[in-house]
Amino acid sequence: MEQIANIVAGLDVEKVRKDFPILGTQVHGKPLVYFDNGATTQKPQVVIDAEARYYENYNSNVHRGVHHLSQVATNAYEQARQTVASFINAAHSHEIIFTKGTTDGINLVANAMSRRFLKAGDTVIISAMEHHSNIVPWQIACEDNGATLKVIPINEKGELQMEAFKAMLDETVKIVAVTYVSNTMGTINRVEEIIELAHAKNIPVLIDAAQAIQHISIDVQALKPDFLAFSGHKIYGPTGTGVLYGTTEWLNKLPPYQGGGDMIKTVTFAKTTYNELPYKFEAGTPNIAGAIALAAGIEYLQGLGLEKVQQYEEELMTYALQELRKIDGLRLIGDAAHRSGAISFLVHNIHPFDMGELLDQQGIAVRTGHHCTEPLMDLFRIPGTVRASLSFYNTKEEVDKLVAGVKRAASMLL
Ligand SMILES: *Cc1c(COP(=O)(O)O)cnc(C)c1O
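What counts and what doesn't
Residues numbered from 1 in each chain as written. Predicted model: local features only at pLDDT ≥ 70, side-chain atom pairs only at ≥ 80, totals over all residues. Heavy atoms only, no water. Pairing = 2+ DSSP bridges. Helix = DSSP H or I, 4+ residues; strand = E, 2+ residues; numbered from the N terminus. Axes fitted to C-alpha atoms, helices over the stretch in contact; angles between N-to-C directions. Contact = heavy atoms within 4.5 Å. Domains from an automatic or database assignment. Buried area = accessible area lost by both parts, 1.4 Å probe. Salt bridge = Lys/Arg side-chain N within 4 Å of Asp/Glu carboxyl O. Polar contact = N/O pair within 3.5 Å; in protein donor to acceptor, adjacent residues only side chain to side chain. Nonpolar A, V, L, I, M, F, W, Y, C, P; charged D, E, K, R; others polar. Near = heavy atom within 4 Å. Areas by Shrake-Rupley, 256 points an atom, 1.4 Å probe, with all protein chains shown as cover. 1 Å grid on protein atoms, 1.4 Å probe; cavity = no way out; pocket = protein on both sides within 12 Å on 5 of 7 lines; lining within 4 Å. Sits in = over half its atoms within 2 Å of the grid points. Core = buried A, V, L, I, M, F, W, Y, C linked by side-chain atoms within 4.5 Å. Buried < 20%, exposed > 50% of the residue type's maximum accessible area, 1.4 Å probe, protein only. Phe/Tyr/Trp six-rings, centres within 6.5 Å; stacked < 30°, edge-to-face > 60°. Lys NZ or Arg CZ within 6 Å of the ring centre and 35° of its normal.

**Looking at the sheet that holds strand S15 (residues 330-332)**
Okay, so step 1: The 4 strands are arranged S15-S16-S19-S18 in an open sheet whose pairing can be described as antiparallel. Only two strands of the sheet have a single neighbouring strand rather than two, namely S15 and strand S18 (367-369). The mean angle between the axes of side-by-side strands here comes to 30 degrees, regardless of whether they run parallel or antiparallel.
Okay, so step 2: Here strand S16 (residues 342-347) runs beside strand S19 (residues 385-389); their pairing, made up of 4 bridges, is antiparallel. Considered in S19, the bridge of phenylalanine 345 is made with valine 386.
Okay, so step 3: The strands touched by helix H11 (residues 306-325) within the sheet are S15 and S16, with S16 carrying the most contacts at an inclination of about 5 degrees.

Structure representation (structure tokens):
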């Protein structure tokens, strides 16, 4: 029998796992098998340490004080912005806005677009596989302006129908907002093509990169999105952190999202002038420790090498799909040719919650439910799915445990 190797392309997974304290813990007396990375990733010790170091050594507000600690904190916070900028190859670090997460970033853009760039008769395009956070902010924006939300359809494999998308691009469209990778089905969308087609008609594009940034190398100057949003906690950083990338041109055009300290240049009761980028969009004291720890997470990933990570994760995905497909009665929800991260499935008519509960008893963490994509569940006419989502610290042995766990659960439930 072929030896199961977890060292692929120079990524020593057993060694890497030791960087994540939680991976050594037990759940219900069983070693934790964590396949809920699409919901949030675990944190390496360097991220936990970076957050603690800020509070232990230089906790202070940024951009305000002339005193020493404030300057150390400001330098670390701005260095974190540089780290993010170079990670996605942004042309300028002022194009990096620190947010609370993907939801916050999308709301910023939707809110600002709504106030300046949408009117009755306009159209906003999203896709059928969007997360609620890339649906609801646009619904609100459309409702407020009498604009229309249109949805790019998908085929039965869970891939966007590009011909239908092309036909939707008329002069009423004011923005296209689509996800790079589906958090439910793992579909990798052809975002390069989407951006090219939209730009040919001078339509800006927002990319929801919440499920892409941790798996796929992104160069914003090559990809050319107008906006790109992601969450820190899904790329090995802390919760409550995130990034909105925007081009200088668009960020200058948009009005501020929130008012308050730090986002202003001068304030009188008659008139306020706004600060320059990126501060115009960072009202109030930011999550300083979080941004610094997010940068530590990104540096950790860069240290492993995103190409190596990607190659290993692809191999693991192929193995998981191959083994899951062998299970009697298992049906994949979404079977795209190009995929990353998430695998959704159902087994016979077993309810996903029941499956999830029995897997949990075996120490296996998966997500069950609609995964914040209720309209997608309606399209497939299902109440939800069982979703296993992979990271580079998962192993083939863990995939085997998942497969055995699903089989055992099915035998108990059928
Ligand atoms: C998780 C997720 C979001 C929302 O991210 P938050 O961290 O909850 O703000 C948006 N889009 C996709 C595709 C996601 O996976």
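**A closer look at the domain arrangement of the chain**
Okay, so step 1: The domain architecture assigned to the chain consists of domain 1 (2-37 + 306-413) and domain 2 (48-302).
Okay, so step 2: Domain 1 and domain 2 are separated by 28 Å when their C-alpha centres are compared.
Okay, so step 3: Taken together, the contacts link 36 residues of domain 1 with 28 residues of domain 2.
Okay, so step 4: Contact between domain 1 and domain 2 buries roughly 2,500 Å² in total, counting both sides, with carbon and sulfur atoms accounting for 59%.
Okay, so step 5: Where domain 1 meets domain 2, there are 0 salt bridges.
Okay, so step 6: The tally of links between domain 1 and domain 2 comes to 15 residue pairs in polar contact (both at pLDDT 80 or more).
Okay, so step 7: Sorting the residues of the side of domain 1 that touches domain 2 by element identifies H11, S16 and helix H13 (374-380) as the ones contributing at least two each.
Okay, so step 8: Per element, the largest residue contribution to the side of domain 1 that touches domain 2 is 6 residues, and it comes from H13.
Okay, so step 9: A per-class count over the side of domain 1 that touches domain 2 returns 19 nonpolar, 10 polar and 7 charged.

**Section: the site of the ligand**
Okay, so step 1: The environment of the ligand is formed by 13 residues, the closest being Thr103, Asp208, Gln211, Ser231 and Lys234.
Okay, so step 2: One of the side-chain N or O atoms of threonine 103 is found 2.5 Å from an oxygen atom in the ligand.
Okay, so step 3: At a separation of 2.7 Å, an oxygen atom of the ligand approaches a polar side-chain atom of histidine 233.
Okay, so step 4: Look at the ligand: alone it shows 380 Å² of surface, and the protein chains cover 86% of it.
Okay, so step 5: When each cavity is represented as a set of grid points, the ligand is found to reside in the second largest pocket.
Okay, so step 6: Counted by class, the shell around the ligand contains 1 nonpolar, 10 polar and 2 charged residues.

**Things to note about the nonpolar core**
Okay, so step 1: Val176 and Phe392 are the most contacted members of the largest nonpolar core, which has 107 residues in total.
Okay, so step 2: Take this core: its biggest share by element is 10 residues, from helix H10 (residues 288-304).
Okay, so step 3: Not counting the four nearest positions on each side in its chain, phenylalanine 392 is found in contact with Leu11, Val13, Val16, Phe20, Tyr236, Tyr300, Leu301, Leu304, Val309, Tyr312 and Glu313.
Okay, so step 4: Membership of the second largest hydrophobic core comes to 26 residues, among which are Ile97, Ile106, Ala110 and Trp250.

**Notes on the packing of aromatic side chains**
Okay, so step 1: Applying the stated rule across the entire model yields 12 aromatic pairs.
Okay, so step 2: Seen in terms of ring centroids, tyrosine 54 and tyrosine 58 are 5.3 Å apart; in terms of plane orientation they differ by 90 degrees. Their pairing is edge-to-face. Placement of the pair is tyrosine 54 and tyrosine 58 together in helix H2 (residues 45-58), with a separation of 4 residues, close to one helical turn.
Okay, so step 3: A relative accessible area of 3% means that tyrosine 54 is categorised as buried.
Okay, so step 4: Chaining the aromatic ring pairs together yields one cluster made of Phe20, Tyr236, Tyr300, Phe392 and Tyr393.
Okay, so step 5: Directly above the ring of tryptophan 250 sits lysine 253, whose terminal nitrogen or CZ lies 3.9 Å from the centroid.
Okay, so step 6: Taking the ring centre of tyrosine 319 as reference, the NZ or CZ of lysine 396 above it sits at 5.3 Å.

**Observations regarding the sheet that holds strand S8 (residues 148-152)**
Okay, so step 1: Read from one edge of the open sheet, 7 strands run S6-S12-S11-S10-S9-S7-S8, paired in mixed fashion. Looking at which strands have only one partner, the edges of the open sheet turn out to be strand S6 (96-99) and S8. Strand-to-strand, the axes of this sheet are offset by a mean angle of 20 degrees, without reference to chain direction.
Okay, so step 2: Contacts from helix H7 (residues 191-199) reach strand S9 (173-179) and strand S10 (205-208) within the one sheet, and its direction differs from that of S10 by about 165 degrees.

**Focus: the pattern of salt bridges**
Okay, so step 1: The tally for this structure, following the rule as stated, stands at 12 salt bridges.
Okay, so step 2: Each of Glu78, Arg81 and Glu282 takes part in a single network of salt bridges with overlapping partners.

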